[in-house]
Amino acid sequence: MPENIIEKFEIKHLQILDEKGNADTAILPNLSDNDLKKLFELLILSRQFDQRALQLHAEGRLGTYASILGQEASQIGSAYALEKTDWVFPSFREMGVYITLGYPIWMLFQYWTGDERGMKTPDDLNIFPVSVPVGTHTPHAVGAAFAAKIKGHKTAALSYFGDGGSSKGDFHEGLNIAGVHKLPVVFICQNNQWAISLPREKQTASKTIAQKAYSYGFEGIQVDGNDIFAVYKATKDALEKAKAGGGPTLIECFTYRMSDHTTADDASRYRPKEDVETWKDKDPLLRLKLYMQKKGIWTQSYEDDVKKKATEFVDSEIKKEEAAGLPDSKDIINYTYKDLTQRQKKEIKEIA
Amino acid sequence: MARINMVQAINLALGQEMERDKDVVLIGEDVGKDGGVFRITEGLVEKFPDRIFDTPLAESGIVGTAIGMAAYGLKPVAEIQFMGFIYACVEQLLSHASRIRSRSRGRYSCPMVVRTPYGIGIKPPELHSESTEALFCHMPGIKVVVPSSPYNAKGLLVSAIRDPDPVVFLEPTRLYRLIKEEVPEAEYAIPLGKANVVQEGKEVTVLAWGSMLHRVLESIEGFDAEVIDLMCLSPYDEETILNSVKKTGRVVIIHEATRSCGFGAELSAFVAEEAMLHLKSPVVRVTGLDAVIPMARLEDYYAPSKERIIKALKKVMEY
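Residues numbered from 1 in each chain as written. Chains lettered and ligands numbered in written order. Predicted model: local features only at pLDDT ≥ 70, side-chain atom pairs only at ≥ 80, totals over all residues.

For chain A, the helix and strand inventory stands at 14 helices and eight strands. Here chain A has a C-alpha radius of gyration of 21 Å; the compact-globule value for 352 residues is 20 Å, and the two agree. Projected onto its principal axes, the C-alpha positions of chain A cover 75 × 60 × 45 Å. Relative to its 352 residues, chain A shows a buried fraction of 49%. Contacts spanning at least 24 positions in sequence make up 77% of the contacts within chain A whose residues lie at least 6 apart. (Helix = DSSP H or I, 4+ residues; strand = E, 2+ residues; numbered from the N terminus. Rg over C-alpha atoms; globule rule 2.2 N^0.38 Å. Buried ≥ 20, exposed ≤ 12 C-beta atoms within 10 Å, placed from the backbone. Contact = placed C-beta atoms within 7 Å.)

Another aspect to go through is the overall build of chain B. Scanning chain B from N- to C-terminus turns up twelve helices and 14 strands. Since a compact globule built from 319 residues should have a radius of gyration of about 20 Å, the 19 Å found for chain B is in line with a globular shape. The C-alpha extent of chain B, read off along each of the three principal axes, is 60 × 40 × 40 Å. Out of the 319 residues in chain B, the part that is buried amounts to 57%. Relative to all contacts within chain B whose residues are 6 or more apart in sequence, the contacts with residues 24 or more apart total 77%.

Here we come to the pairing of strand 13 (residues 251–258) of chain B. Moving residue by residue along a regular strand, the side chains alternate between the two faces of the sheet. Residues and elements named next belong to chain B. Burial of strand 13 is extensive: seven of the eight residues sit out of reach of the surface. Examined bridge by bridge, strand 13 and strand 14 (residues 284–288) share four bridges and lie parallel to one another. Within the sheet, the bridge partner assigned to isoleucine 253 lies in strand 14 and is arginine 285. One crossover worth recording links strand 13 to the parallel strand 14 by way of helix 10 (residues 263–275), and it is right-handed. (Pairing = 2+ DSSP bridges. Right-handed = clockwise from strand over helix to strand, strands pointing away.)

Attention now moves to the domain arrangement of chain B. Residue and element names in this part refer to chain B. Segmenting chain B into domains produces domain 1 (2–183) and domain 2 (196–318). Here domain 1 and domain 2 have C-alpha centroids that lie 26 Å from each other. Counting residues at the interface gives 26 residues for domain 1 and 23 residues for domain 2. Secondary-structure elements contributing two or more residues to the side of domain 1 that touches domain 2 are helix 6 (133–137), strand 6 (143–145), helix 7 (150–162) and strand 7 (167–172). The greatest single-element share of the side of domain 1 that touches domain 2, amounting to four residues, is contributed by helix 6. Looking at the side of domain 1 that touches domain 2 residue by residue, the classes come out as 13 nonpolar, seven polar and six charged. (Domains from an automatic or database assignment. Nonpolar A, V, L, I, M, F, W, Y, C, P; charged D, E, K, R; others polar.)

A separate point is the environment of Leu108(A). All names here are of chain A. Relative to the assigned elements, leucine 108 resides in helix 4 (residues 105–112). By C-beta crowding, leucine 108 is classed as partly exposed, having 19 other C-beta atoms within 10 Å. Taking the C-alpha atoms as reference points, leucine 108 and methionine 95, separated by 13 residues in sequence, lie 7.7 Å from one another. When sequence neighbours within four positions are dropped, the list of residues in contact with leucine 108 reads Met95, Tyr98, Tyr103 and Gly118.

With 191 residues, the main nonpolar core has Ala145(A), Val185(A), Ile251(A), Val145(B), Val206(B) and Val252(B) as its most contacted residues. Two domains each provide a minimum of three residues to this core, namely domain 1 (2–183) and domain 2 (196–318) of chain B. What Val252(B) contacts, discounting residues up to four positions off in sequence, is Val204(B), Val206(B), Val284(B), Val286(B), Ala312(B), Leu313(B) and Val316(B). (Core = buried A, V, L, I, M, F, W, Y, C linked by C-beta atoms within 7 Å.)

This brings us to the sheet that holds strand 4 (residues 185–191) of chain A. All names here are of chain A. Pairing within the open sheet is parallel, and its six strands lie in the order 1-7-8-4-3-2. Two strands in the sheet have a free side with no partner beyond their single neighbour: strand 1 (13–14) and strand 2 (87–89). For strand 2 and strand 3 (residues 157–162), the ladder comprises three bridges, and the chain directions are parallel. Across the sheet, the residue bridging to tryptophan 87 is alanine 157, located in strand 3. Lying on the sheet, helix 5 (residues 138–151) is in contact with strand 2, strand 3 and strand 4; it crosses strand 3 at an angle near 170°. (Axes fitted to C-alpha atoms, helices over the stretch in contact; angles between N-to-C directions.)

Bringing the sheet that holds strand 10 (residues 204–208) of chain B into the picture now. Residue and element names in this part refer to chain B. If you walk across this open sheet you meet the five strands as 9-11-10-13-14, and the pairing is mixed. At either margin of the open sheet sits one strand with a lone partner, and together these are strand 9 (196–199) and strand 14. Each strand axis lies, on average, 25° off the axis of its neighbour in the sheet, ignoring direction. Alignment of strand 9 against strand 11 (residues 225–229), held across three bridges, turns out to be antiparallel. Bridging across to strand 11, asparagine 196 finds its partner in aspartate 229. Along the sheet face, helix 10 touches strand 10, strand 13 and strand 14 and points at about 155° away from the line of strand 13.

Listed as interface residues are 34 residues of chain A and, on the opposing side, 38 residues of chain B. Looking at the side of chain A that touches chain B, the elements with two or more residues in it are helix 5, helix 6 (169–180) and helix 14 (342–351) of chain A. Residue contributions to the side of chain A that touches chain B peak at ten residues, all from helix 5 of chain A.

Moving on, we come to helix 9 (residues 238–248) of chain B. Residues and elements named next belong to chain B. Within helix 9, the full set of buried residues consists of Ile241, Ser244, Val245 and Thr248. For helix 9, the angular spread of the buried residues around the axis is 100°, confining them to a single face. Looking at the packing, one finds that the buried side of helix 9 touches strand 10, strand 11, strand 13 and helix 10. (Arc of directions from axis to C-beta.)

So, on to helix 3 (residues 59–72) of chain B. Residues and elements named next belong to chain B. Between its first and last C-alpha atoms helix 3 spans 20 Å; for 14 residues at 1.5 Å apiece the expected length is 20 Å, and the two agree. Among the 14 residues that make up helix 3, 14 are buried, leaving the element largely enclosed by the rest of the structure. Glycine 73 sits one or two residues past helix 3 and shows a positive phi near 130°. (Expected span 1.5 Å × (residues − 1).)

All names here are of chain A. At a closest axis distance of 9 Å, the pairing of helix 1 (residues 33–58) and helix 12 (residues 300–324) adopts a crossing angle of 45°. It follows that helix 1 is oblique to helix 12 by the angle criterion. Seen along the crossing, helix 1 lies across helix 12 with a hand that is right-handed. Where helix 1 abuts helix 12, its residues Phe40, Glu41, Ile44, Leu45, Gln48, Phe49 and Arg52 lie against Val306, Lys307, Ala310, Thr311, Val314 and Ile318. In terms of residue class, the contact of helix 1 with helix 12 is made up of eight nonpolar, two polar and three charged. (Parallel < 35°, antiparallel > 145°, perpendicular 65-115°, else oblique. Left-handed = near helix turned anticlockwise from the far one by under 90°.)

A few words on unusual backbone geometry. Residue and element names in this part refer to chain B. Of note, the bond from serine 234 into proline 235 is cis; its omega dihedral lies within 30 degrees of zero at -5°. With respect to the helices, strands and loops of the structure, proline 235 is situated in the loop between strand 12 (232–234) and helix 9. In this structure, aspartate 30 takes a positive phi of about 65° despite not being glycine. Mapped onto the elements, aspartate 30 comes out in the loop between strand 2 (24–28) and helix 2 (44–47). Accessibility expressed as a C-beta count within 10 Å gives 16 for aspartate 30, which makes it partly exposed. Its identity as a non-glycine residue notwithstanding, cysteine 261 has a phi of 60°, on the positive side. With respect to the secondary-structure elements, cysteine 261 resides in the loop between strand 13 and helix 10. Note on cysteine 261: 13 C-beta atoms within 10 Å, which makes it partly exposed.

Structural data, given as structure tokens:
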């Protein structure tokens, strides 16, 4: 008997908007001029937040912070495709996602000062708190999607993680369960090429992260993660497919971490400067601007105005955070269980 | 009222809670058609075909999925086939389930139950006789429950399912089919965090849970012992223990888990802190050895025997 090929797969790479701001109109997602402006403004706002967070850290006013610089299109493009009812499970480098969904910026600052109150998601949003242990929150999105399916809700769950997260067991267990039960979940891998000091090629011998989806029986796609149109389209398509009962999708956003891993890291120890320079030309904000300029909806004064407003807004959010004051020390105990235990009732008196 | 064993009692509790609350769902390995390796979920998939799910063989994924389900608004009951396989879930339990309420300052919670068979007594392969309950008692945000009879298994599981926080529910495999007793068909709940004074006595307080409770009851003849079944190890009933110790002045703690950092260490420290001046003798623990739990042929040497329990009782009485 001859050997037969019983399974084959192909991995697509999607780019709609190139580095010069030229878009492939045949596959351009349906975004109005108003949408384009909103996306542009969210990119500016997220970057402003990020820069101010780094500054505040340098001044000792914020704890360790993980910058999103360079990954804004992956975050904003994907989050913009979500509906309010969808559930989002971020890792720790997704401030652009929170901002796009309308999470109060002052609360994000509050969180990074080391105050859990900042992660008390407002009632009208379904976004989970920052998850620190890499990749382990993947099954949570799977569970939420499972619950939505059981309850018959037309809702999808979306999980964010990085190239490093794709090596974790929970990533594989989560994807496997999602595939078997054909759940309405979208996995977004922001492949930013670095897991602290480990380059992407040492993270996995696979050519792409996207192809890992095929091991679990569903589609994976790689998109240019600095192309906000490609990210948006892939996410929107995946969400629609999920809600129509088509099961999960893995989207690999091929992007780059322009900053250090966190403020506690020094990437110059392990990463050649030239690499970072090359990626500057691929900047997600730059290419959207070039596109909008060609379309006649960008002017320098428009950008200046957007930047001014973003600066003022972020500054006012910082003031709002400062006005919130310190948390109650009793909160350490209050949120362990719904009700205090016999012992906690004594402990709470001790710290009061 | 029928006389049933613990397997039937747990099955009854699951079925009744699923009937009562459509948000209760079951997930785990072989829990569907097979009814679970101990047949705990037998017959349930026929009644609730859309709410019982066989999962791939992935313990961490099972608990992680349950966390997402619970946060979304379901009340998942996840089965881990044996306690020896729960270690893969420690990160999900400790880094997520126990913290989600705190991490989100109350916006999200994790009302789920992780059930798992636990302890010695059925002569299985390695890692099927674990009793590492203390691991989970060291996780603020998690509750740890251990039934000791068909009656309390039913009532405790009902409370665990209705509890707003994550509960690790440890089912002593040795007791699954050992005892039959009258268990009401009617709904009842036994509150979590309350101990049960199984037998009143004046001279020595004996603290035990799970299958060791029965070994204690076989060993106390001739002693005026007050036997307390903790039932819930986290949080545990400080008040009931303290009242008893103040009365008897002597404490013997029995558990089959390893002695060092076992739950008896916590109880012993608690008694020393709160009731030192009432004690007539040092606290004595009778526990498993500081060694890997052996397989079947050496099991009897490992766990507290009737003889070791009697020796400990004599020791505190003669001190």
